[in-house]
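Listed below are the residues making up each chain.
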Amino acid sequence: MQPKPILLNACARAATAAEARFRIQVPIAPSRATRVVALDGGAVDIVTRVATMPWASARFLVSTVPQHDADETVARVDLHTVEGTPTDLADELDGVDVAIMVATSDAGADSAAVIGAACTVRGIMTAGLVLGRGEDSGAVAALRPHARFILVTDDEDDVPEVLTALRT
Amino acid sequence: MLRQEINELLTQTGPGTDMGALFRQYWLPALLAEELPENDCAPVRVKILSERLIAFRDTEGRYGLMDEFCAHRGASLWFGRNEESGLRCAYHGWKYDVTGQCVDVPSEPENGSFCANVKLRSYPLVKVGDILWTYMGDPDKRPDLPEYEFIHVPPEQTYTSKRWQECNWLQALEGGIDSSHVSFLHSGALNNDPLFKGAAGNKYNLGDLKPFFEVADTDGGLFVGARRNAEDGKYYWRITPYVLPAFTMVPPRGDHPVHGHFWVPIDDENCWVYTFDYHPVRPLTGDERQAMKDGYGVHSENIPGTYRPTANKDNDYLMDREAQRRNEHFSGVRGIAMQDASLQESMGPIVDRSKERLVPADSGIIKARQKLRKAAIALRDEGITPPGVDTAHHRVRSAAVVLPKEEGFFDSVQEAVSVRPGVPQASV
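Just so you know, these numbers come straight off a predicted model, no measurement behind them.

1. Overview of the overall build of chain A
On a plain count of helices and strands, chain A comes out with five helices and nine strands. Counting helices and strands in the order they occur from the N terminus, chain A gives β-α-β-β-β-β-β-α-β-α-β-α-β-α. By the burial criterion, 38% of the 168 residues in chain A qualify as buried. Nonlocal contacts in chain A, meaning residues at least 24 apart in sequence, comprise 65% of its contacts between residues at least 6 apart.

2. As for the overall build of chain B
Check the secondary structure of chain B and you find 11 helices and 19 strands. The C-alpha atoms of chain B give a radius of gyration of 22 Å, which matches the 22 Å a tight globule of 428 residues would have. Per-residue burial for chain B yields a buried fraction of 54% across its 428 residues. A fraction of 61% describes how many contacts in chain B between residues 6 or more apart in sequence connect residues 24 or more apart.

3. Brief notes about the sheet that holds strand β6 (residues 87-88) of chain B
The strand order β5-β6-β7-β8 (chain B) describes an open sheet built from four strands, whose pairing is antiparallel. Each edge of the open sheet is held by one strand with a lone partner, namely β5 (81-82) and β8 (102-104) of chain B.

4. Looking at the interface of chain B and chain A
Residue-level contacts link 31 residues of chain B with 34 residues of chain A. Of all the elements in the fold, those that place two or more residues in the side of chain B that touches chain A are β13 (212-217), α9 (336-346), α10 (363-382) and α11 (409-412) of chain B. At six residues, the largest contribution of residues to the side of chain B that touches chain A is made by β13 of chain B. In terms of residue class, the side of chain B that touches chain A is built from 12 nonpolar, six polar and 13 charged. In terms of strand pairing, strand β9 (residues 149-153) of chain A meets β13 of chain B through four bridges, oriented parallel. In the sheet register, V152 of chain A faces β13 of chain B, and the bridge partner there is A216 of chain B.

5. A look at the pairing of strand β14 (residues 221-229) of chain B
Residue and element names in this part refer to chain B. Burial within β14 is extensive, with eight of its nine residues counted as buried. In the sheet, β13 pairs with β14 via six bridges, with the strands oriented antiparallel. The residue bridging E214 from the neighbouring strand is G225, located in β14. Between the antiparallel neighbours β13 and β14 lie three residues. Sheet topology note: the β14/strand β15 (residues 234-243) ladder contains nine bridges and is antiparallel. By the bridge assignment, V224 is partnered in β15 with T240. Between β14 and β15, which pair antiparallel in sequence order, lie four residues; one of them, D232, sits at a positive phi of approximately 55°.

6. Quick notes on α9 of chain B
All names here are of chain B. Most of α9 sits inside the fold, with nine of its 11 residues counted as buried. Where α9 is concerned, the buried positions are I336, A337, M338, Q339, D340, A341, S342, Q344 and E345. Those residues of α9 hidden inside the fold are in contact with β12 (158-165), α3 (169-177), α4 (182-185), α5 (187-192) and β18 (270-278). Positive backbone phi, at 110°, marks G348, one or two positions downstream of α9.

7. Section: the sheet that holds strand β10 (residues 125-128) of chain B
All names here are of chain B. Taken together, three strands build an open sheet; the order of strands is β1-β11-β10 and the sheet is antiparallel. At either end of the open sheet lies a strand with only one pairing partner, and these are β1 (27-32) and β10. Neighbour-to-neighbour, the strand axes of the sheet open up by a mean angle of 40°, direction not taken into account.

8. Examining unusual backbone geometry
All names here are of chain B. In this structure, P245 follows L244 across a cis peptide bond, with omega equal to 0°. Of note in this structure, E84 is not a glycine but carries a positive phi near 45°. For E84, the location among the structural elements is in the loop between β5 and β6. At S85, a residue that is not glycine, the phi angle is positive and equals roughly 65°. Looking at where S85 falls in the secondary structure, it is placed in the loop between β5 and β6. Judged by the 15 C-beta atoms lying within 10 Å of it, S85 falls in the partly exposed class.

9. Points about the pairing of strand β11 (residues 131-135) of chain B
All names here are of chain B. Counted residue by residue, β11 has five buried out of five residues, so it is predominantly covered. Neither face of β11 is open: one carries I131, W133 and Y135, the other L132 and T134, and all of them are buried. Where β1 and β11 come together, five bridges link them in antiparallel fashion. Bridged to L31 within β11 is L132. The hairpin turn running from β10 into β11, its antiparallel successor, is two residues long, and G129 in that turn takes a positive phi close to 70°.

10. Brief notes about helix α1 (residues 41-51) of chain A
Residue and element names in this part refer to chain A. Within the sequence span of α1, burial applies to A43, I46, V47 and V50. What you see down the axis of α1 is that its buried residues fit within an arc of 95°, all on one side. Where α1 is buried, its residues contact β1 (34-38), β2 (58-63), β7 (98-103), β8 (125-131) and α5 (158-165).

11. Side note on the environment of E83 of chain A
Its location among the elements puts E83 of chain A in the loop between β5 (79-81) and β6 (86-87). Put simply, E83 of chain A and T48 of chain A are 35 residues apart on the chain and 8.4 Å apart in space, counted from C-alpha to C-alpha.

12. Considerations on the packing of helix α1 (residues 4-11) of chain B against α10 of chain B
All names here are of chain B. At a minimum axis distance of 10 Å, the contact between α1 and α10 shows a crossing angle of 75°. The angle between the axes of α1 and α10 places the two elements in the roughly perpendicular class. Taken together, the residues of α10 that come into contact with α1 (itself represented by I6, L9 and L10) are R369, L372, R373 and A376. Along the lines of polarity and charge, the residues of the contact of α1 with α10 split into five nonpolar, no polar and two charged.

13. What to know about the packing of α5 of chain A against α10 of chain B
Two elements in contact, α5 of chain A and α10 of chain B, have axes whose closest approach is 10 Å; the angle formed by their N-to-C orientations is 120°. Relative to α10 of chain B, α5 of chain A is oriented oblique. Taken as a pair, α5 of chain A and α10 of chain B cross one another with a handedness that is right-handed. Together, D158, E161, V162 and A165 of chain A of α5 of chain A and S363, I366, K367 and Q370 of chain B of α10 of chain B make up the contact between the two elements.

14. Considering the confidence of the model for chain B
When pLDDT is averaged across chain B, the result is 94; 100% of the residues are at 70 or more. Both confidence scores are given for the complex: pTM 0.93, ipTM 0.84.

Rules used throughout
Residues numbered from 1 in each chain as written. Chains lettered and ligands numbered in written order. Predicted model: local features only at pLDDT ≥ 70, side-chain atom pairs only at ≥ 80, totals over all residues. Helix = DSSP H or I, 4+ residues; strand = E, 2+ residues; numbered from the N terminus. Buried ≥ 20, exposed ≤ 12 C-beta atoms within 10 Å, placed from the backbone. Contact = placed C-beta atoms within 7 Å. Rg over C-alpha atoms; globule rule 2.2 N^0.38 Å. Pairing = 2+ DSSP bridges. Nonpolar A, V, L, I, M, F, W, Y, C, P; charged D, E, K, R; others polar. Axes fitted to C-alpha atoms, helices over the stretch in contact; angles between N-to-C directions. Arc of directions from axis to C-beta. Parallel < 35°, antiparallel > 145°, perpendicular 65-115°, else oblique. Left-handed = near helix turned anticlockwise from the far one by under 90°. pLDDT = per-residue confidence, 0-100.

Printed below as a string of structure tokens:
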């Protein structure tokens, strides 16, 4: 194949440092409306600490023990904010782009199932952060069916790190 | 996104920078052994971590890597004569041994002491596998030589190539961690490339374009697991290891050789990509080795006599729009290496990461950046040895496995992602 000559405006030339100044510069607004949900007691402490940092569009929530109906299937999960104010899952997910579930054990498996299902119905991206590397693989197993992305780490800083990277 | 100051911290590797200090904790590939093929061969200019150096192999077969420029008037020693156990500057005849020690200044009296006080900065240069490795840090903290499996299998089982990539090292590295682009950018290769096609696992890649990801933190780096649906309620996992600062492997396919990369900063706007293929238990076949030399798999076809790819930014990477329409190549660029490089170079020499819009699929990249940043700061502030210096961290493998749905890759494949001499790679 005979290569075509490169014109002066070809993108390959625009990859130089000198040409970089011609890239369009537009302020980027926070692009992800995010809900961060603590699934168990250990996660509550972490999420509460992270919630004190400045965030543009994130809300930090705590899931309570799921409510079961008569045939023992999980019916709903009750939420409250880290300040203790009760809130509703459906309301919290309205207009949300991504839901991040934080777990330190498998205690929140039922909550993860409910939240994950609710997100799937609404087309909301789900992610899971599991703190405590290798200490409780049950937490990962609990999240696996419901989170498209799971980060397993022993570094609490990963929670704000991921939120920052996602522009929340 | 990254704040600008963190982007600068991660992308600047010259002397006196935090990331430069981090890189100087490790043995790094400096050049291929084939570049210094015999005693007294021509010297080779090497730029690494923004330092201009000259490499040569003396009359006794000793390797040297030192300041490129003569201590006298600053002329390049590349023009020098490599003879009689030293490299002699072509300008006024000053001569240096492999340690950078000046051993002859012709204009000075014989038996004079002048040249004993002239020494160029030099670094050790050691052949391990097909690569000449250097360590540019504190000599008192020199770690053990690298133990990556691809440089320790017998020579007939391994092949390494190298190419120049015209962008910052971190842009290139991040492509090695980012599994989510494979089903798009490299989709054509799964059907066409002789080093990829035919593996049973390929159908899972092509059949499930929305993989789930799990990222597991390890002492030496990360494992990134990409999960796709397989038959009978099982998952197909592709597991990518990353070892700090710049080593990644690609999950294997069938019995094809296993491959990966070492991403080495030349300066802040260029890097060397060392690309390897090896098989843990058998020699590479003639066809496999030839395919690698021809630029298939993750290797590149280079301009003869150079390590610059034939397809490069000066010819628009030989873009073939017809092949793109035929879905032969998703991007229209031939070859996995140049498919990656073309897009990474298009981002600019150092991409402005404050303008990014990352998504959860980028979790591996997010975590890798964090590990690099924390390691550089811990080294700077507390002198803590970073991950990946310990050679135990080098003994990792990539893997491709099918697991029951209830099993996670990190719990179930510890053996598969560890080097086990004489044991084949875990692959589908």
